[in-house]
Amino acid sequence: MSGSLLDASAVIGCPHGGRVSAASTPSGGVRVAGAVAVTAAYAHTVVTGCPHTVDGVPTPCVSVRWTAADTGVLVDGAPALLDTSAAQCFTSGLVPQGPPVVQAAQRKVTVR
C-alpha cells in the first residue's frame, strides 16, 4: 500500500463539499512538517456544511469513519492514516454517502 501520510493540517471534505473536522485534537508526539501525524486512533468525525439533498430533502454528511488497514506504518502504536486509507462519509442515520476527499497530505510513504 502506498500513499501520503495524513497530518492534522490535511484538508478533508465530504464528496458534496462539506468540511471534515476532527472531533478531538491529536496529542501524539510524531509530527510531519510540524503537524501531528494522524492515526486510526484519531478520528475525523464531524462534517459541517454538506449541502447534499435527496429528492429535495436535506441528507447531509455528518460523520466520517476510517478503516485503518495495516499500512505497515505505526505512529504511537496505532496504524498511520494515509490519503489512500479507506473511509466513508455517513448521514445522521448512518447511510453511506461516499468516501471523503483529501485535498492536502504530506510526505509519500511506500510500504512493501
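> Summarise the environment of P51; cite the residues concerned and give the values.
Relative to the elements of secondary structure, P51 occurs in the loop between β6 (46-48) and β7 (53-54). What makes P51 exposed here is its relative accessible area of 53%. With 37 residues separating them in the primary sequence, P51 and C14 have C-alpha atoms 9.9 Å apart. Residue contacts for P51: discarding those within four places in its chain leaves H16 and G18.

> Mind laying out the environment of Q103, listing which residues take part and the relevant values?
As for its placement among the helices and strands, Q103 is situated in the loop between β14 (101-102) and β15 (108-110). Under the relative-accessibility criterion, Q103 is labelled exposed at 57%. Linking Q103 and D83, residues 20 residues apart in sequence, is a C-alpha distance of 8.9 Å.

The rules behind the values
Residues numbered from 1 in each chain as written. Predicted model: local features only at pLDDT ≥ 70, side-chain atom pairs only at ≥ 80, totals over all residues. Heavy atoms only, no water. Helix = DSSP H or I, 4+ residues; strand = E, 2+ residues; numbered from the N terminus. Buried < 20%, exposed > 50% of the residue type's maximum accessible area, 1.4 Å probe, protein only. Contact = heavy atoms within 4.5 Å.

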